[in-house]
Amino acid sequence: MSTGTNSGTNSGTSGGTTRRHTALPKAQILIEALPWLTRHHGKTVVIKFGGNAMVNDELKAAFAQDVVFLRHAGLRPVVVHGGGPQISAALDRQGIASEFRAGLRVTTEDAMDVVRMVLAGQVQRELVGQLNQHGPFAVGLTGEDAHTITATKHRPTIDGQSVDIGRVGEITEIDTGAIEALLADGRIPVVSSIARSQDDGHVYNVNADTAAAALAAALGAETLMVLTDVEGLYEDWPHSDEVISRLTASQLEKLLPELSSGMAPKMEGCLFAVRNGVTTARVIDGRVQHSILLEIFTDEGIGTMVVPDPSDQEASV
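Residues numbered from 1 in each chain as written. Predicted model: local features only at pLDDT ≥ 70, side-chain atom pairs only at ≥ 80, totals over all residues. Heavy atoms only, no water.

*Asks:* Help me understand helix H3 (residues 84-93) in this model?
*Replies:* Since the α-helix packs 3.6 residues into each turn, any two residues three or four apart lie on the same face. Inspection of H3 places Gln86, Ile87, Ala90 and Leu91 among the buried residues, and these make up the whole buried set. Considered in projection along H3, the buried side chains sweep an arc of 130° and stay on one side of the axis. Every exposed residue of H3 that faces more than 90 degrees away from the buried side is listed here: Asp92 and Arg93. On its buried face, H3 sits against strand E4 (104-105) and helix H4 (109-131). In the segment just after H3, glycine 95 is the residue with positive phi, at about 75°. (Buried < 20%, exposed > 50% of the residue type's maximum accessible area, 1.4 Å probe, protein only. Helix = DSSP H or I, 4+ residues; strand = E, 2+ residues; numbered from the N terminus. Arc of directions from axis to C-beta. Contact = heavy atoms within 4.5 Å.)

*Asks:* Is there a simple way to explain the side chain of threonine 228 in this structure?
*Replies:* In this fold, threonine 228 is placed in strand E13 (residues 223-228). By relative accessible area, which is 8% here, threonine 228 ends up buried.

*Asks:* What's the story with the sheet that holds strand E9 (residues 169-174) in this structure? I'm lost.
*Replies:* Strand pairing in a sheet relies on backbone hydrogen bonds. The paired strands run either parallel or antiparallel. One open sheet accounts for 4 strands, arranged E9-E6-E11-E12; its pairing is mixed. Of all the strands in the sheet, the pair left with one neighbour each is E9 and strand E12 (203-205). For this sheet the average axis-to-axis angle between neighbouring strands, irrespective of direction, equals 50°. Summarising the sheet, strand E11 (residues 194-197) and E12 pair through 3 bridges and their orientation is antiparallel. Note on E12: the bridge partner recorded for arginine 196 is valine 203. (Pairing = 2+ DSSP bridges. Axes fitted to C-alpha atoms, helices over the stretch in contact; angles between N-to-C directions.)

*Asks:* Help me understand the sheet that holds strand E10 (residues 188-192), please; the structure alone is not making it clear to me.
*Replies:* Here we have 8 strands laid out as an open sheet, ordered E5-E10-E2-E1-E13-E15-E16-E14, and mixed in their pairing. Every other strand in the sheet has two partners, leaving strand E5 (138-142) and strand E14 (246-248) as the edge strands with one partner each. Across this sheet, the average inter-strand angle for adjacent strands is 20°, counted without regard to direction. Alignment of strand E2 (residues 76-81) against E10, held across 3 bridges, turns out to be parallel. In the sheet register, histidine 81 faces E10, and the bridge partner there is serine 192. Strands strand E1 (44-49), E2, E5 and E10 of the sheet are contacted by H4, whose axis makes an angle of about 165° with E5. Strand contacts of helix H5 (residues 177-184): E1, E2, E5 and E10, with the helix running at about 135° to E2, the strand carrying the most contacts.

*Asks:* Explain the nonpolar core to me, please; I cannot follow it from the model alone.
*Replies:* One broad rule of soluble globular proteins: the nonpolar side chains tend to lie buried together. Grouped together as the largest cluster of nonpolar side chains are 41 residues, with contacts concentrated most on Ile47, Phe63, Leu131 and Ile292. At the level of secondary structure, the elements contributing two or more residues to this core comprise E1, helix H2 (57-72), H3, H4, E10, E13 and helix H9 (291-296). Ranked by the residues each element gives to this core, the list is headed by H4, at 10 residues. Listed in part, the 38 residues of the second largest apolar core include Val80, Tyr204, Leu219 and Leu224. (Core = buried A, V, L, I, M, F, W, Y, C linked by side-chain atoms within 4.5 Å.)

Written out as structure tokens, the structure reads:
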């Protein structure tokens, strides 16, 4: 009887020790994240949701997990989204051609009705639903709500000429009241990039990268994160696929004229953000699962980080 008792005790002890050792790497990962958790605790992070992460189910699920993790880790995430692929598909079903000029969608009155319906009625609801699978956190709103985003008509210059591209807005004012109230209540605001008009009673389609940057600056965010379908800003595309891991605002400003129409609004948004009080702006690869956590809680990061010029940082101290 005594032999059996000792054998059982030893087996249990051995098994318990093995289980503890197996779990140890998980504890080490959490401890390694501690400096970043401490640094970002209580800080606002604005995340622009876009690219493949919007249409791939696994990436959507991973994105929702990341954002809820940030919230539980003591950060204050705000999500801003567009919906390019979904809008194009809906316009096609309506028999409305998709046209882009200067990297922006030409938005007629009929197209604006579709844009509004898709962003607020489809994309936002799906995203809110994904986030709320993990708890009652996400609340959807558009830039129209509580005067969050106000815009006037944007007329881009193409070949030296001012061009009318319809109901495309240029942001003139941000009111963060509704978002701040939601954050104070522990919620995760999910903002569709539609703006109220400053002067003509209509609504405007606003580039989501631009909207995210404007909101990040107005909220005094610690970080702006822009998800895209590339690894970051390439050093010498298409001749090289080496990603620039870090650059200052002035360095980025020199590169802007050379950027593609798709990347330009993202990097212009990053530049605006860091020149208006945001500590870092990052373009990261949304095709990588959990890219947000990898970028925030590791030394290396996985994208391109833009930081203010040293003189700007000194002036803000």
